[in-house]
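# Coordinate analysis (summary)
Now for the letters of each chain:
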Amino acid sequence: MFVDVHCHMDFPQYNEDRHQVIQRALDAQVAMVNSAISLEGMKSTLDLARKYERVYPSLGLSPPELNESVVEKALDLIRSHQDEIVGVGEVGLDYYWVKERANQEKEKKYFARFINLAVDLAKPLVIHSRDAESDVLNMLRGVDVDVLLHCFSGSMDDVAEAVSREYLISIPASIIYSKKKQNIVKNTPMDYIVLETDSPFLSPKPGERNEPVNVVKVAEKIAEIKALDVEVVELVSTENAKQFYGLGF
Ligand SMILES: [Zn+2]
């Protein structure tokens, strides 16, 4: 059994064949956590999780969303579905798309509210961080919450800091060709590694649509890098994911 800890099956890229894509993963023993990043996405994420036994919902908001009333609604929706969800996120900071200093400050203000909500609900946090690793780590310092760094691309010092805080680092399918991701895997003990696809993004073949069944390829690549049996990578990463999200299988 594998777990794709982060994907977006609610996205329009799957409008033609969503059921087949999800079923293909489930048939290959791949469970998945679908992360919502918009208000509409939250509703469809909850619907998918109700429909499929091993599709689990995490609710969050894309960091470049700077509209206060959207943020308020998102916080309310997460709170009102707290018994259904396995995590809060993805949430975080994105300085790649948001370059203006004033808007970055706004992002930080909203991110703090999602952090507080996760603490309040005792839910794990799924973090999106792009060009903002040190601010993300600073804001989470000392906060009593379980953290998963989705598609983390910080420096090796950031990775070491994250591991020292026992955060999970999720490794996407771009590890097939990304030297940086391969390096992160080399420097991260297996106990802190989980697998993700971030489907439809970060395909093992650049330019193609990604899908959750590809976490098997991530496991194979990690096994190769760490000179482990793929079964070991499967077992440990799945246990890490189950513990983190509290998955009941
Ligand atoms: Zn994502």
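Our structure's up above, just so we're on the same page.
These notes cover the structure that comes with them. Predicted, not measured: the structure shown is a model, and the values here were computed from it.

## A closer look at the packing of aromatic side chains
Following the criterion strictly, the structure yields 4 aromatic pairs and no others. Arranged with centres 5.8 Å apart and planes meeting at 75°, the rings of Phe11 and Phe201 form a pair that is edge-to-face. Of this pair, Phe11 sits in the loop between strand S1 (2-7) and helix H1 (18-27) while Phe201 sits in the loop between strand S8 (193-195) and helix H8 (215-226), and the two are 190 residues apart along the sequence. Here the aromatic rings of Tyr96 and Trp97 are separated by 5.1 Å at their centres, their planes lie at 90°, and the arrangement is edge-to-face. On the accessibility criterion, Tyr96 (35% relative accessible area) is partly exposed. Lying over the aromatic face of Tyr96, Lys99 brings its terminal NZ or CZ to 4.9 Å of the ring centre. A cation sits over an aromatic face here: Lys242 above Phe249, 4.9 Å from the ring centre.

## Quick look at unusual backbone geometry
In the segment running from Gly89 into Glu90, the intervening peptide bond is cis, with an omega of 15°. Of note, Glu90 is situated in strand S4 (residues 87-94). Across the junction of Ser199 and Pro200, the peptide omega takes the value 10°, indicating a cis bond. Following the sequence through the fold, Pro200 ends up in the loop between S8 and H8.

## Structural notes on the coordination of the zinc ion
Tetrahedral coordination by four donors sets the ideal angle at the metal to 109.5 degrees; octahedral coordination by six donors sets it to 90 or 180 degrees. Note on the zinc ion: its protein donors are His6 (NE2), His8 (NE2), Glu90 (OE) and Asp198 (OD). The metal-donor distances range over 2.1 to 2.3 Å. Coordination at the zinc ion is irregular: its 4 donor atoms span angles of 81 to 175° at the metal. Counting along the primary sequence, the residues that act as donors to the zinc ion give the motif H-x1-H-x81-E-x107-D. Linking His6 in strand S1 with Asp198 in the loop between S8 and H8, this pair joins segments that are 192 residues apart in sequence. His6 gets classed as buried once you look at its relative accessible area, which sits at 0%.

## Let's talk about the environment of His6
The spatial distance from the C-alpha of His6 to the C-alpha of Ala227 is 25 Å, given a sequence separation of 221 residues. In this structure, His6 is in contact with Val33, Ser35, Glu90, Val126, His150, Glu196, Thr197, Asp198 and Ser199, ignoring residues within four places of it in sequence. Here Ser35 takes part through its side chain, which lies 3.2 Å from a polar atom of the side chain of His6. Polar contacts involving the side chain of His6 include one to the side chain of Glu90, which spans 2.8 Å.

## Things to note about helix H4 (residues 101-121)
Between its first and last C-alpha atoms H4 spans 30 Å; for 21 residues at 1.5 Å apiece the expected length is 30 Å, and the two agree. Those residues of H4 lying buried are Gln104, Glu107, Tyr110, Phe111, Phe114, Ile115, Leu117, Ala118 and Leu121. Looking down the long axis of H4, one finds its buried residues gathered within 160° of arc, a one-sided arrangement. For H4, the exposed residues set more than 90 degrees away from the buried face come down to Ala102, Asn116 and Asp120. Tucked into the core, H4 has its buried residues touching helix H3 (68-80), S4, strand S5 (125-130) and helix H5 (133-140). Looking at the residues trailing H4, positive phi occurs at Ala122, about 55°.

## Brief notes about the nonpolar core
Ranked by size, the top nonpolar core spans 70 residues in total, and within it Ile78, Phe114, Leu125, Leu140, Ile169, Ile171 and Ile222 carry the most contacts. Here this core gets 7 residues from one element, more than from any other, and that element is H4. Those residues in contact with Ile222 that lie beyond four places of it in its chain are Ile171, Ile175, Val185, Met190, Ile193, Leu195 and Val233.

## Notes on the state of the cysteines
Across all of its chains, the model carries 0 disulfides by this definition. Looking at Cys7, it has no disulfide partner, and the nearest cysteine sulfur is the one in Cys151, 14 Å off. In this structure Cys7 comes out as buried when scored by relative accessible area, which is 0%.

Cut-offs and rules
Counting restarts for each chain: residues are numbered from 1 in the order of the written sequence. Residue-level local features of this predicted model are given only where pLDDT is at least 70; pairs of side-chain atoms are given and counted only at 80 or more, and the full residue set underlies all totals for whole chains, interfaces and linings. Heavy atoms from the whole structure form the basis of all side-chain values; hydrogens and water molecules are not counted. Note on aromatic pairs: the rings of Phe, Tyr and Trp (six-membered ring only in Trp) are paired at centre separations within 6.5 Å, and the planes decide the class, stacked below 30 degrees, edge-to-face beyond 60, tilted for the rest. The numbering of helices and of strands both runs from the N terminus, where a helix is a DSSP run of H or I of at least 4 residues and a strand a run of E of at least 2. Each residue is assigned to one of three classes by its accessible area relative to the maximum for its type, calculated with a 1.4 Å probe on protein chains only: buried under 20%, partly exposed between the two thresholds, exposed over 50%. Any Lys NZ or Arg CZ found within 6 Å of a ring centre and within 35 degrees of that ring's normal is scored as a charge over the ring. The rule for donors is simple: an N, O or S atom within 2.8 Å of the metal counts, and for Na, K and Ca the reach is 3.2 Å. Water is not among the atoms, so a site may look short of donors. Only two sets of limits are used to name each site, 85 to 135 degrees for every angle of a tetrahedral four-donor site, and over 155 degrees for opposite donors with all other angles from 65 to 115 for a square planar four-donor or octahedral six-donor site, with any other site named irregular. Residue contacts follow a heavy-atom distance rule, with two residues in contact if any of their heavy atoms lie within 4.5 Å. Under this definition, polar contacts are N or O atom pairs within 3.5 Å; protein pairs additionally need one hydrogen-donor-capable and one acceptor-capable atom, and for neighbouring residues in sequence, both atoms have to be side-chain atoms. An expected span of 1.5 Å times one less than the residue number is assigned to each helix. The directions from the helix axis to the C-beta atoms form the arc being described. Throughout this description, the term nonpolar core refers to a set of buried Ala, Val, Leu, Ile, Met, Phe, Trp, Tyr and Cys residues connected via side-chain atoms within 4.5 Å. The disulfide criterion is simple: two cysteine sulfur atoms within 2.5 Å.

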